[in-house]
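Close look at the chain arrangement
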Amino acid sequence: MNLVTSVSATQRVVVNEARILVEDQSQRTQQRALKQALRQVFVKMSGSEDVLDNPGVKAALVSPDKLLRAYRFAFENELTYYVAEFDEAKLTTLLQREMLPLWGDRRPETIVWIAQQIDDTSKVILDESQPSPVKKSLTQTAKSRGVPLSLPLMDLTDSVNITTYDIWGRFIEPLKVASVRYGIDNIIGARIYRNDSEHIPDIPENPVEIDTQENVDQVNSSEQRVDRDARFNEIDLTLIDELYTQEQNELEAPEFFVSQGGVRNWAIARNSQNIAIYDG
């Protein structure tokens, strides 16, 4: 199948606004929500919670009203939200003065293919409609960073184009093919399994070729463990802080591979509670 050359898909994100769930509209609640909202905006504009430890940012959080442009209350499903809009120019100046990361408001759209191990013999691909603790954590963290992110539909078309073995085994070509219909050129593949120190599924050092039963058997048998001293060049994208299963309340260990522009460059982040996405 020939692939159509993809065009960079981006969305404009409102980076200077945050919405906080509140119980009432009292002055005390507003003050507390205002500070929370500013914290969220700093993270969204910089892409990292580390900026909150910066002295300049801490000073701004002491008097968040100085950066506030407007606020309002929003109501949704019988819930009340405090919505704050901050002065983007002042925030940008502050981040630049402190030499902190600054993301623009045009953010790349990203599709994430996740194969999750249910037990020793069963794996599933998470889709857009399926409720899941992993999906909830992923989407919430992406939203807090202002990263447009989606999961596949996993309808009949996706089911024909890709399988759990393609994602679990890092088969590149099926991911490229399956992603074409979404018109998104930022593709992330992940496999997630229980964080059991006695048995961690192995990863081949390089993505294996497709269309051979021998390679599928190689991925499933997991005879060798990869131990690489990899050097990564971090790209401006952090998607997951922590992945917990609500049922066992145990951290799961994700392994990510990512590419910009059609699954070109791959790297792995293993056994980390703060999962950064890398371009290697």
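Structure shown above.
Procedures and definitions
Residues numbered from 1 in each chain as written. Predicted model: local features only at pLDDT ≥ 70, side-chain atom pairs only at ≥ 80, totals over all residues. Heavy atoms only, no water. Buried < 20%, exposed > 50% of the residue type's maximum accessible area, 1.4 Å probe, protein only. Helix = DSSP H or I, 4+ residues; strand = E, 2+ residues; numbered from the N terminus. Pairing = 2+ DSSP bridges. Lys, Arg positive; Asp, Glu negative; His and termini not counted. Salt bridge = Lys/Arg side-chain N within 4 Å of Asp/Glu carboxyl O. Polar contact = N/O pair within 3.5 Å; in protein donor to acceptor, adjacent residues only side chain to side chain. Contact = heavy atoms within 4.5 Å. Axes fitted to C-alpha atoms, helices over the stretch in contact; angles between N-to-C directions. 1 Å grid on protein atoms, 1.4 Å probe; cavity = no way out; pocket = protein on both sides within 12 Å on 5 of 7 lines; lining within 4 Å. Points joined across faces, edges and corners; volume = space filled by probe spheres on them. Nonpolar A, V, L, I, M, F, W, Y, C, P; charged D, E, K, R; others polar.

The next subject is the pairing of strand β2 (residues 17-22). Residues Ala18, Ile20 and Val22 point to one face of β2 and are all buried, whereas Glu17, Arg19 and Leu21, pointing to the other face, are not buried. In terms of strand pairing, β2 meets strand β4 (residues 79-86) through six bridges, oriented antiparallel. Paired with Ile20 across the bridge in β4 is Tyr82.

With respect to the secondary-structure elements, Asp127 resides in the loop between β7 (123-125) and α4 (133-145). This buried residue, Asp127, is left without a salt bridge; Lys135 holds the nearest opposite charge, at 6.0 Å. One polar contact links the side chain of Asp127 to the main-chain amide nitrogen of Ser129, over a distance of 2.9 Å. Looking at Asp127, its side chain comes within polar contact range of the main-chain nitrogen of Gln130, at 2.8 Å. Every residue in contact with Asp127, bar those within four places of it in the chain, is listed here: Lys135, Leu151, Pro152, Leu153 and Met154.

Turning our eyes to something else, we now look at the environment of Val57. Mapped onto the fold, Val57 is located in helix α2 (residues 55-62). Residues Val57 and Glu98, spaced 41 residues apart in sequence, show a C-alpha to C-alpha distance of 8.4 Å. The residues touching Val57, leaving out its near neighbours within four places in the chain, are Phe42, Val51, Leu52, Leu94 and Leu100.

We now examine the environment of Asp50. As for its placement among the helices and strands, Asp50 is situated in the loop between α1 (27-46) and α2. Since its relative accessible area comes to 58%, Asp50 is described here as exposed. Residues Asp50 and Leu100, 50 residues apart in the sequence, show an inter-C-alpha distance of 9.4 Å.

On the basis of which strands lie adjacent, the open sheet formed by three strands has the order β2-β4-β3 and antiparallel pairing. Sheet topology places β2 and β3 (68-76) at the edges, where each strand pairs with a single neighbour. For this sheet, the mean inter-axis angle between neighbouring strands, taken without regard to orientation, is 25 degrees. Along the sheet, α1 contacts β2, β3 and β4; its crossing angle with β2, the most-contacted strand, is approximately 140 degrees.

Turning next to the pairing of β4. Counting buried positions over the eight residues of β4 gives six, a clear majority of the element. Relative to β4, β3 is paired through eight bridges, and the arrangement is antiparallel. Residue Leu68 lies in a different strand from β4, and its bridge partner there is Phe86. If you look at the hairpin formed by β3 and β4, you'll find two residues sitting between the two strands, and Asn77 has a positive phi there, around 50 degrees.

Quantified by volume, the largest pocket comes out at close to 530 Å³. Around the largest pocket, the lining is made up of 15 residues, and of these Arg19, Gln40, Gln140, Lys143 and Ser144 lie nearest the centre. Those elements that provide at least two residues to the lining of the largest pocket are β2, α1 and α4. Of all the elements, β2 adds the most residues to the lining of the largest pocket, at five residues. Residues belonging to the lining of the largest pocket are distributed by class as follows: six nonpolar, four polar and five charged.

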